[in-house]
Amino acid sequence: MRNDFFFDVVVIGGGHAGCEAAAASARLGVNTALFTHKLETIGEMSCNPAIGGLGKGHLVREIDSLDGLMGEVADKSGIQFRLLNRSRGPAVRGPRTQSDRSLYKKFMQSKLANYCNLSTFADPVISFIFNKNAVNGFITLSGKTVSCDKLILTTGTFLNGLIHIGNEKTPAGRYNEKPTTGLSEQLEKYNFTIGRLKTGTPPRLDSRTINFANLEEQQADIDPYFFSFLTTKNINPQVSCRMTYTNEKVHKIISENIKLSAIYSGNIKGVGPRYCPSIEDKVFKFTNKLRHQIFLEPEGLNDHTIYPNGISTSLPADVQAEICSNISGLENVKILRPGYAIEYDYVDPRELFLTLETKKIKNLFLAGQINGTTGYEEAAAQGLIAGINAAQSVKKSEPFILDRSEAYIGVMIDDLVTKGVAEPYRMFTSRAEYRLSLRADNADLRLTKKGIDIGLIKDDRKRIFIEKSRNLLKMSKIMINLNISPSKVAKFGVNIAKDGILRSAEQILSQKDVNMSKIREIWPSIPFKSKEIDEQLEIKAHYRGYLIKQKADILAFKKDENLKIPEGVNYDSLSGLSNEVKSKFKKIRPKTMGQALRIDGITPAAVYILLSHVKRKSIKNIA
């Protein structure tokens, strides 16, 4: 067989998952290539021009902590930084930014172009090359044969993608871009479970034809909260978003035309995201709601395009025009491109190990929307983990797995491979049991050391992290060793029990409405290291009791999680398990008792039967 190229790791797809996968693999020193349809669309923001949000912002901070790309690129392209839930506790605050679409793509492509060990090719993949149950290469559209040790598939919405606008159907992976075909069919031959999902996008509007005068304004935060721990300042002008609303007339137009929507005509079989529904879904399912909010989001500093977040639709183009013209501020709006729904293939993520390698085909990793997720951030996080593990496998090193107690990335991947998806998966803070410990602010303290240990972290970040860790330790020691009496601290407006017992500076900081500024009033000698160090000290003090309890919960969780289930358990031989339970165990092949317990429909009683079997086998092996 002719062999035009060989790479240790090849990534197929240049979206958010593909970019992170290729960069992570290259950072670990293995020879990596990225194959995609067009070089100029690498890093394209296919849908909304924004990064982060609740839960999603946590993922971006974790990606950044492991030296990923998304955080830095989002900061460099950010044109409206906002910290969501700023007034609430630190566990549920979510950094978000509107990004300039063209700047995001420009900076992402620039980052990848400067990576060592990474080559990029504009040559779509048309078929895999298998050797028994392992993939070891592929053939491209131009006829090249490429061999590789590991292959990471990150096809996004391109896998048999089909765009719907009313009754019109167009094969596409993105507007005006051809889909990827033939690959799903090859996977099906290996008995992969493949389904269809759908997502949608709103029409794009011309800002020059919008009357913004009477619309509510949402401004950027004065003090931006960045995604990357390396970012020190904002480099772009900040813009405002405007808000408008649907109304009863708009709802009537939608109701009268609902059968023309691809979603309601029966043309679409795939399930859409529950938490980002189309405007048709909103009107049909929430009949008592008289209006729905629409954010008019600028797509760039030098771009007249507006993304009307909140009215994703697959209605015919003429109906979309009628809807828009009846919304306040949009009476004379020009639609630059109609909204559409896109339907695409995904692989049941229960087909994957926690490394994101497939169970049925060796050396093949899947990341992004192909695993049933929705959103840039979820895709990028999976790409990062797939890239790390593909490179680790090439190097014959231990796999890199984050558990639920360590990262939102760990929560997401465990959810996917253990429970599967019935609809596109989206990250929320509520999915994490230990969210008080898994905050956006401490992502580097949780994860960067893990990245350093495997050689994933570049020198600049490593140096900054080590300096921050040392400063935090020094400040913590200072705070513990400074003491004051209740009567003396009362002179500074801090009232505590008058019991004569000395309190440390850390204990004083734990009092309501006390921050580091107040602490320095009491002890002017305490040095100021950085805003981030102060933030960590304040959170640690204010949530001390909760964090101690959560630490105990995590230790209990790890006891279950660390009970390994041996490879090759014969589930059919376990008496007392129903056929349904046996089938689920055989499909998912859980690695630990904790993972077994989280499988949908698996009861503690079933896990106890499995545990008893494992213990009996262990005793026999020892004997």
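First things first, this report covers the structure right here in the doc. This one's a predicted model, so the numbers in the text were calculated from it and none came from an experiment.

**Quick look at the sheet that holds strand E19 (residues 340-347)**
No. 1: With antiparallel pairing, four strands are arranged side by side in an open sheet as E11-E10-E19-E12. With partners counted over all chains shown, the strands left at the sheet margins are strand E11 (168-171) and strand E12 (194-201), one partner each. Each strand axis lies, on average, 25 degrees off the axis of its neighbour in the sheet, ignoring direction.
No. 2: Here three bridges tie strand E10 (residues 162-165) to E19, and the two strands are oriented antiparallel to one another. Looking across to E19, one finds that His164 is bridged to Ala341.

**Some words on helix H19 (residues 579-588)**
No. 1: Among the residues making up H19, those that are buried are Val581, Lys582, Phe585 and Ile588. Buried residues along H19 cover an arc of 145 degrees about the axis, so they all sit on one side. Turned more than 90 degrees off the buried face of H19, the exposed positions are Asn579 and Glu580.

**So, the packing of aromatic side chains**
No. 1: One pass over the full model with this rule turns up 13 aromatic pairs.
No. 2: With 5.8 Å between their ring centres and 65 degrees between their planes, Phe7 and Phe121 make a pair best called edge-to-face. Residue Phe7 is found in strand E1 (residues 5-12), and its partner Phe121 is found in strand E6 (residues 118-122); the two are separated by 114 residues along the sequence.
No. 3: Assessed through its relative accessible area of 6%, Phe7 is described here as buried.

**Overview of unusual backbone geometry**
No. 1: One non-glycine residue, Leu356, adopts positive backbone phi at about 75 degrees.
No. 2: Tracing the sequence through the fold places Leu356 in the loop between E19 and strand E20 (364-366).
No. 3: Classification of Leu356 as buried rests on a relative accessible area of 1%.
No. 4: The backbone phi angle of Asp513 is positive, close to 65 degrees, even though this residue is not glycine.
No. 5: Relative to the helices and strands, Asp513 is located in the loop between helix H15 (505-509) and helix H16 (516-522).

**Quick look at the sheet that holds strand E4 (residues 78-84)**
No. 1: One open sheet accounts for three strands, arranged E3-E5-E4; its pairing is antiparallel. What marks the edges here is a single partner per strand, and that holds for strand E3 (50-52) and E4. On average, each strand axis in the sheet is tilted by 20 degrees relative to the strand beside it, whichever way the strands run.

The rules behind the values
Residues numbered from 1 in each chain as written. Predicted model: local features only at pLDDT ≥ 70, side-chain atom pairs only at ≥ 80, totals over all residues. Heavy atoms only, no water. Pairing = 2+ DSSP bridges. Helix = DSSP H or I, 4+ residues; strand = E, 2+ residues; numbered from the N terminus. Axes fitted to C-alpha atoms, helices over the stretch in contact; angles between N-to-C directions. Buried < 20%, exposed > 50% of the residue type's maximum accessible area, 1.4 Å probe, protein only. Arc of directions from axis to C-beta. Phe/Tyr/Trp six-rings, centres within 6.5 Å; stacked < 30°, edge-to-face > 60°.

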